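Okay, here's what each chain looks like letter by letter:
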Amino acid sequence: MAEKKATTKKATETKAAAAKKTTTTKVAVKATVAVNAENIGFKAGDVYQALAAAEKALAIDEIAKAANISTEETLLGLGWLFKEGKLLSTDDNKVVLA
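This text gives an overview of the structure that appears in the document. If you're wondering where the values come from, they're calculated on a predicted model, not measured in any experiment.

A word on unusual backbone geometry. Look at Asn 68: it is not a glycine, yet its phi comes out positive at around 60 degrees. Along the chain, Asn 68 falls in the loop between helix H3 (60-67) and helix H4 (71-83). Taking relative accessible area as the criterion, Asn 68 reaches 70% and is therefore assigned exposed. In this model, Asn 93 sits at a positive phi of 60 degrees, which is unusual for a non-glycine residue.

Right under this line is the structure:
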């Protein structure tokens, strides 16, 4: 009889442990980018500051990480700065201040 109680207790502990397990699900959140002159100008400033702080040529993803903005926002800012003639592109697909 004692053996049966031990088995029942173990099964109960296993069910309790399974109930405690939770699963985490990654959800992709798509950020919206406001496309207006004011917002793009601010992103251009973020890109410019990131490049100035790095003092070297950076790839697009490196600029986005340094500026703490999305890749899409980085591209908008780069377009603004290229149009103003403030940037140069290198042969290895990197960008540097002019």
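With that settled, the discussion passes to the nonpolar core. With twelve residues, the main nonpolar core is built from Ala 44, Val 47, Ala 50, Leu 51, Leu 58, Ile 63, Ala 67, Ile 69, Leu 78, Leu 81, Leu 87 and Val 95. Residue assignment for this core shows that the elements contributing at least two residues are helix H2 (37-54), H3 and H4. Ignoring anything within four residues of it in the chain, the contact list for Ala 50 reads Leu 58, Ile 63, Ala 66 and Ala 67.

Moving on to H2. Helix length check: H2, at 18 residues, gives a terminal C-alpha distance of 26 Å against a target of 26 Å (1.5 Å per residue), a fit within 8%. Three or more residues of H2 are buried, namely Asn 39, Ile 40, Lys 43, Ala 44, Val 47, Ala 50 and Leu 51. Each buried residue of H2 sits inside an arc of 140 degrees when the element is viewed along its axis, so together they form one side. Exposed and facing more than 90 degrees away from the buried side of H2 are Ala 37, Glu 38, Phe 42, Gln 49 and Ala 53. Its buried side turned inward, H2 meets H3, H4, strand S1 (87-89) and strand S2 (95-97).

Another point: the environment of Ala 66. Considering the arrangement of structural elements, one finds Ala 66 in helix H3. Judged by its relative accessible area of 52%, Ala 66 falls in the exposed class. Remark: the alpha-carbon pair of Ala 66 and Ala 54, spanning twelve residues in sequence, is separated by 8.5 Å.

This paragraph deals with the pattern of salt bridges. By the definition in use, this model includes one salt bridge. Here Lys 43 makes a salt bridge to Glu 73, at a shortest N to O gap of 3.8 Å. Taken together, the residues span a long stretch of sequence, with Lys 43 in helix H2 and Glu 73 in helix H4 at a distance of 30 residues.

Time to look at H4. Spanning 13 residues, H4 covers 18 Å between terminal C-alpha atoms, matching the ideal 18 Å at 1.5 Å per step. Where H4 is concerned, the buried positions are Glu 73, Thr 74, Gly 77, Leu 78 and Leu 81. Seen from one end, H4 has its buried residues packed into an arc of 135 degrees, which puts them on one side. Tucked inside the fold, the buried residues of H4 contact H2, H3, S1 and S2. Where H4 terminates, the next one or two residues include Gly 85, which has phi positive at roughly 80 degrees.

Conventions adopted
Residues numbered from 1 in each chain as written. Predicted model: local features only at pLDDT ≥ 70, side-chain atom pairs only at ≥ 80, totals over all residues. Heavy atoms only, no water. Helix = DSSP H or I, 4+ residues; strand = E, 2+ residues; numbered from the N terminus. Buried < 20%, exposed > 50% of the residue type's maximum accessible area, 1.4 Å probe, protein only. Core = buried A, V, L, I, M, F, W, Y, C linked by side-chain atoms within 4.5 Å. Contact = heavy atoms within 4.5 Å. Expected span 1.5 Å × (residues − 1). Arc of directions from axis to C-beta. Salt bridge = Lys/Arg side-chain N within 4 Å of Asp/Glu carboxyl O.

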